[in-house]
Amino acid sequence: AKGDLPRAARLFEQALTDAMRIEDSDAVAIMSINLARIARESGESAAALKILAGVSPWHRGNLGARTAQEMDLLAAVLLADLDRGDEALARLQALRDRCQAACETAIGIDSLQARLLLEQGDAGNAVQLAGAAIARFGNHGNQLELANLFRVQGEAHLALGDSRAA
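Below you will find a few notes about this structure. (Residues numbered from 1 in each chain as written. Predicted model: local features only at pLDDT ≥ 70, side-chain atom pairs only at ≥ 80, totals over all residues. Heavy atoms only, no water.)

Describing the state of the cysteines
So, step 1. Throughout the structure, instances matching the rule amount to one disulfide.
So, step 2. There is a disulfide in this structure between Cys99 and Cys103, and the S-S distance comes to 1.5 Å. Classification of the bridge connecting Cys99 and Cys103 rests on its S-S torsion, roughly -80 degrees, and on that basis the disulfide is left-handed. The exposure classification of Cys99 matches that of Cys103, with both residues buried. (Disulfide = S-S within 2.5 Å. Buried < 20%, exposed > 50% of the residue type's maximum accessible area, 1.4 Å probe, protein only.)

Some thoughts on the environment of Arg21
So, step 1. Tracing the chain through its elements places Arg21 in helix 1 (residues 5-21).
So, step 2. Within the local environment of Arg21, its side chain forms a polar contact with the side chain of Asp18, the two groups lying 3.0 Å apart. (Helix = DSSP H or I, 4+ residues; strand = E, 2+ residues; numbered from the N terminus. Polar contact = N/O pair within 3.5 Å; in protein donor to acceptor, adjacent residues only side chain to side chain.)

Quick notes on the nonpolar core
So, step 1. Leu52, Met71, Leu92, Leu112 and Leu149 are the most contacted members of the largest nonpolar core, which has 52 residues in total.
So, step 2. At the level of elements, helix 1, helix 2 (25-41), helix 3 (45-53), helix 5 (65-81), helix 6 (85-98), helix 7 (106-119), helix 8 (123-137) and helix 9 (143-159) are the ones that each hand at least two residues to this core. (Core = buried A, V, L, I, M, F, W, Y, C linked by side-chain atoms within 4.5 Å.)

A few points about the packing of helix 1 against helix 2
So, step 1. For the pair helix 1 and helix 2, the least separation of the axes is 9 Å and the interaxial angle reads 160 degrees. Considered as vectors, helix 1 and helix 2 are oriented roughly antiparallel to each other. Once helix 1 is placed against helix 2, the crossing between them reads as left-handed. Between helix 1, through Leu5, Ala8, Ala9, Phe12, Glu13, Ala15, Leu16, Ala19 and Met20, and helix 2, the contact on the second element is made entirely by Ala27, Val28, Met31, Ser32, Asn34, Leu35, Ile38 and Glu41.
So, step 2. In terms of residue class, the contact of helix 1 with helix 2 is built from 13 nonpolar, two polar and two charged. (Axes fitted to C-alpha atoms, helices over the stretch in contact; angles between N-to-C directions. Parallel < 35°, antiparallel > 145°, perpendicular 65-115°, else oblique. Left-handed = near helix turned anticlockwise from the far one by under 90°. Contact = heavy atoms within 4.5 Å. Nonpolar A, V, L, I, M, F, W, Y, C, P; charged D, E, K, R; others polar.)

As structure tokens, this is what we get:
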């Protein structure tokens, strides 16, 4: 069940207003991330991207590293959803450059990059990247991202004609 997305959006909007009033940059970003996720879940990736773009430069400049990484990763996912793969890859590369190998968004970066490789017809590299990420994060990674990696890896194997490996 998706829950009551309109009600959740209203509550996050109120929390965003409160966070802006007290100038809590991380809270502004987190509420914006939550609103963008609701918009994406509702099939509105363009609106979700606008929500993230609406976070002011001042707030962006005052974010903690983890929140900034999460916001940038979601923006890259939204760009990919909107078939703007080159922009998504550029955003991922910038995020990867700032992110250490052990950062919490590393698995999400690999997952989205593998998805984009597959969408661009590069199933071989998608299999390799997904497999390496599964090996690296399999015991301690975000379970949703792991599932995405397994899905992309399976789809890439199928694209390569290897149904047994899929």
